[in-house]
Every structure is written in structure tokens, then in C-alpha cells.
Amino acid sequence: MRTTPRSPSPRRYLMCPPAHFTVTYSINPWMDPAKPVDPPLALAQWEDLRDRYRALGHTVEVLEPDPALPDMVFAANGATVVGGRILGARFAYPERAAEADAHLAWFRDHGWAEEDLRIPEHVNEGEGDFAVTASWILAGRGFRASPLSHGEAQEFFGRPVIGLDLVDPRYYHLDTALCVLDDARDEIMYYPAAFSPGSRAVLARLFPDALIATEEDAAAFGLNAVGDGLNVLLPQAAVGLFAPLRDRGFEPVGMDLSELLKGGGSVKCCTQELRP
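Figured I'd write up the structure that's included with this text. The structure displayed is predicted, hence computed values, not measured ones.

Definitions and cut-offs
- Residues numbered from 1 in each chain as written.
- Predicted model: local features only at pLDDT ≥ 70, side-chain atom pairs only at ≥ 80, totals over all residues.
- Heavy atoms only, no water.
- Helix = DSSP H or I, 4+ residues; strand = E, 2+ residues; numbered from the N terminus.
- Rg over C-alpha atoms; globule rule 2.2 N^0.38 Å.
- Buried < 20%, exposed > 50% of the residue type's maximum accessible area, 1.4 Å probe, protein only.
- Contact = heavy atoms within 4.5 Å.
- Areas by Shrake-Rupley, 256 points an atom, 1.4 Å probe, with all protein chains shown as cover.
- Lys, Arg positive; Asp, Glu negative; His and termini not counted.
- Charge placed at Lys NZ, Arg CZ, Asp CG, Glu CD.
- Salt bridge = Lys/Arg side-chain N within 4 Å of Asp/Glu carboxyl O.
- Pairing = 2+ DSSP bridges.
- Axes fitted to C-alpha atoms, helices over the stretch in contact; angles between N-to-C directions.
- Disulfide = S-S within 2.5 Å.

## Remarks on the overall build of the chain
At step 1: Counting its regular elements, the chain contains 7 helices and 15 strands.
At step 2: In terms of overall size, the chain behaves like a compact globule, its C-alpha atoms giving a radius of gyration of 17 Å where 276 residues would be expected to give roughly 19 Å.
At step 3: Judged by the C-alpha coordinates and their principal axes, the chain covers about 45 × 40 × 35 Å.
At step 4: Across the 276 residues in the chain, those meeting the buried criterion constitute 56%.
At step 5: A sequence separation of at least 24 residues applies to 70% of the contacts in the chain between residues at least 6 apart.
At step 6: Split by element, the accessible area of the chain, about 10800 Å² in all, is 53% carbon and sulfur.
At step 7: Charge separation in the chain, taken as the distance between the mean sites of 25 positive and 39 negative side-chain charges, equals 4 Å.

See the structure below:
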């Protein structure tokens with residue numbers, strides 16, 4: 001499958017270094033406190049991702065890590081930014097609750113107006129369960145986000161929100177089961193078995209030409225990826241996705257974030273997009 005020529009669009013991302021990353025509790029099936037984390041390796045892998053974004057022409061802002069919040073490296077969960085407006089996060093688990101305030105403080109400190117910030121009433125974990133395309137905001141539910149957060153996001157952003165039910169606990173956030181490859185063209189890839197039958201039918205109707213991931217590539221966290229319209233940064237272990245992405249005109253960029261996978265995250269989890 002070939003498409004018209006692609007070109008990347010410059011992005012602005014917010015990331016948080018894993019200076020205090022460790023796994024001392026378990027709030028998803030990937031976390032096992034019995035498996036030690038190698039902190040220097042985790043930091044080196046994160047720095048490689050940050051540097052790759054910058055080499056591709058994107059801007060990376062850095063959120064200062066908090067020693068009391070080991071999961072702050074997963075910056076995608078801290079907020080959702082669409083059209084310069086920020087919907088904050090409200091975390092499902094108390095272990096991560098304070099991350100929401102840290103993110104909103106960063107926005108305030110970096111020039112965002114108070115009227116563009118919303119402290120949510122309902123549980124949502126930022127871009128973990130909100131994926132943005134030109135036409136829709138796709139919204140996951142079933143393990144973390146409250147279904148009520150979907151209406152809240154639709155009212156705040158003024159964009160149609162499409163609710164999708166996640167049914168496999170390994171894919172507890174939408175960004176573990178679905179990736180926006182090119183937001184301007186409404187192009188995605190996803191793993192159907194992570195979704196309920198009704199949600200699979202909705203995805204097939206909205207995205208009939210989507211790239212469908214195999215179980216093996218989904219289990220390698222291959223859907224936890226970031227696309228800029230041309231380049232797709234994804235876990236290097238998701239080898240089955242590379243050729244299909246090239247066939248569609250994308251440039252896959254394999255990344256090794258194996259240490260961060262011990263916390264249940266990879267490329268996308270580390271990357272919050274600041275959409276102007």
C-alpha cells in the first residue's frame with residue numbers, strides 16, 4: 001500500500017527524565033517489583049528518545065522530576081493539550097495522583113493562561129486514554145479513564161469524542177493499543193483484540209484503511225508509538241510493524257526503551273504532545 005508523499009510536521013513535546021524511576025508497586029500487569037530497574041540504563045534510553053526527537057526537528061520541553069513520583073517519566077499521562085487548551089489529569093491510583101498538580105504547575109510556569117487550564121472532575125490519565133486526530137478525539141475506557149471524562153473532554157475542547165472500550169488488562173490505556181500515525185490524515189494503527197466487539201466495529205468504520213497490528217507486535221508495545229506524519233518512533237522489538245509502515249510511506253524509527261517497559265510504558269507513554 002503506497003500513499004502520496006509524506007512530510008513530517010514540527011512538534012512540541014513535554015518529557016520528564018526517569019531520574020527517580022523505579023518499580024516499587026504494581027498498578028498494571030507489566031509492573032513487577034521483583035524485577036529490578038537499571039536506573040542509568042533507563043536514563044540513557046530516555047535520553048536517546050529525547051535526542052532523536054530533536055534530531056528530527058521537534059522541540060522537547062523538560063518537566064523536572066519529583067523524587068516522590070517514580071512514574072513521572074510517563075509524561076503522556078499528565079494532561080491532554082489540544083488547540084493550546086489543557087485538560088489536566090485525574091489519576092485512578094493514589095500512587096500517581098500528585099503528578100497532575102506537577103503538570104499543571106509546569107503549564108502555569110510556562111505562560112499558559114489560567115482560562116486555558118481545566119482541572120478535571122472525572123478520572124482521566126491524559127494522553128494515555130486520549131488520542132487526537134484532525135477529525136476526532138479517540139478516548140479509551142475500561143481500566144483507568146471514567147466514561148464521564150469523555151463528555152468533559154468534548155465540552156472543553158469542542159471536538160467530537162469517540163469512546164472505545166478496552167477489554168484486555170495488558171492494554172490498560174488506549175495508547176498501548178492504538179497509535180495515531182498521521183493526525184492530519186486521520187491515519188492510525190491498532191490491535192483489534194484489545195477492544196470490545198462494538199469498539200472494533202467503530203474503529204473499522206472510522207478507519208477502514210488502518211494498519212492492523214498482530215498480537216506479537218502489540219505485546220512488544222509496538223502501538224505505544226509516536227508519529228509525526230512521516231516518522232514513527234516505536235519499540236524496536238515490534239519488528240512486524242516496520243515493513244507495513246514503510247509500505248504506507250512512513251519511516252519507522254526503532255527505539256529501545258526496555259527498562260521503561262518494566263513500568264508499563266514505552267515511546268508514547270514518555271511523550272506528551274503540546275498541540276498549539
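## What to know about the pattern of salt bridges
At step 1: Tallied over the entire structure, the rule returns 19 salt bridges.
At step 2: The residue aspartate 183 makes a salt bridge to arginine 11 at a minimum N-O spacing of 3.1 Å. Here the residue aspartate 183 occupies a position in the loop between strand S9 (178-182) and strand S10 (187-190), and arginine 11 occupies one in the segment before strand S1 (12-15), the gap between them amounting to 172 residues.
At step 3: Between aspartate 165 and arginine 141 there is a salt bridge, with its nearest N and O atoms 2.7 Å apart. Separated by 24 residues along the polypeptide, aspartate 165 in strand S8 (residues 161-165) and arginine 141 in strand S7 (residues 137-141) bring together distant segments of the chain.
At step 4: Residue classification places aspartate 165 among the partly exposed residues on the basis of a relative accessible area of 26%.
At step 5: One continuous salt-bridge network, built from bridges that share partners, spans Arg11, Glu127, Asp183, Lys268, Glu273 and Arg275.

## A look at unusual backbone geometry
Most peptide bonds are trans, and most residues other than glycine sit at a negative phi.
At step 1: Positive phi, close to 55 degrees, is recorded for aspartate 186, a residue that is not glycine.
At step 2: Position of aspartate 186 relative to the elements: it lies in the loop between S9 and S10.
At step 3: Overall, aspartate 186 belongs to the buried group, its relative accessible area being 17%.
At step 4: In this structure, phenylalanine 221 is a non-glycine residue whose phi angle is positive, near 65 degrees.
At step 5: As for its placement among the helices and strands, phenylalanine 221 is situated in the loop between helix H5 (215-219) and strand S12 (226-227).
At step 6: By relative accessible area, which is 1% here, phenylalanine 221 ends up buried.

## Description of the sheet that holds strand S11 (residues 211-212)
At step 1: If you trace the 3 strands from one edge of the open sheet to the other, you get S9-S10-S11, paired in mixed fashion. Taken across any chain shown, the strands that pair with only one partner, and hence form the sheet edges, are S9 and S11.
At step 2: The sheet contact formed by S10 and S11 spans 2 bridges and is parallel. Residue tyrosine 190 lies in a different strand from S11, and its bridge partner there is isoleucine 212.

## A look at the sheet that holds strand S13 (residues 231-235)
At step 1: Spatial ordering of the open sheet is given by S12-S13-S14, a layout of 3 strands whose pairing is mixed. Each edge of the open sheet carries a strand with a single partner, namely S12 and strand S14 (251-255).
At step 2: Examined bridge by bridge, S12 and S13 share 2 bridges and lie antiparallel to one another. Of the residues in S13, the one forming a bridge with valine 226 is leucine 233.
At step 3: Across the sheet, helix H1 (residues 39-55) touches S12, S13 and S14, and the angle it forms with S14 is around 155 degrees.

## Quick word on the state of the cysteines
At step 1: By the definition in use, this model includes 0 disulfides.
At step 2: Summary of cysteine pairing: cysteine 269 is not part of a disulfide, and the nearest cysteine sulfur, belonging to cysteine 270, is at 6.8 Å.
At step 3: Note on cysteine 269: relative accessible area 2%, which makes it buried.

## Description of the environment of alanine 218
At step 1: Mapped onto the fold, alanine 218 is located in helix H5.
At step 2: On a C-alpha basis, the gap between alanine 218 and tyrosine 171 in space is 8.7 Å, while along the polypeptide they are 47 residues apart.
At step 3: Sequence-distant contacts of alanine 218, defined by excluding residues within four places in its chain, comprise Tyr171, Tyr191 and Leu223.

## Some words on the pairing of S9
At step 1: Most of S9 sits out of view: 5 of its 5 residues are buried.
At step 2: For S9 and S10, the ladder comprises 4 bridges, and the chain directions are antiparallel. When the sheet's bridge partners are listed, leucine 178 is paired in S10 with tyrosine 190.
At step 3: Where S9 hands over to S10, the hairpin turn is made up of 4 residues, of which aspartate 186 adopts a positive phi near 55 degrees.

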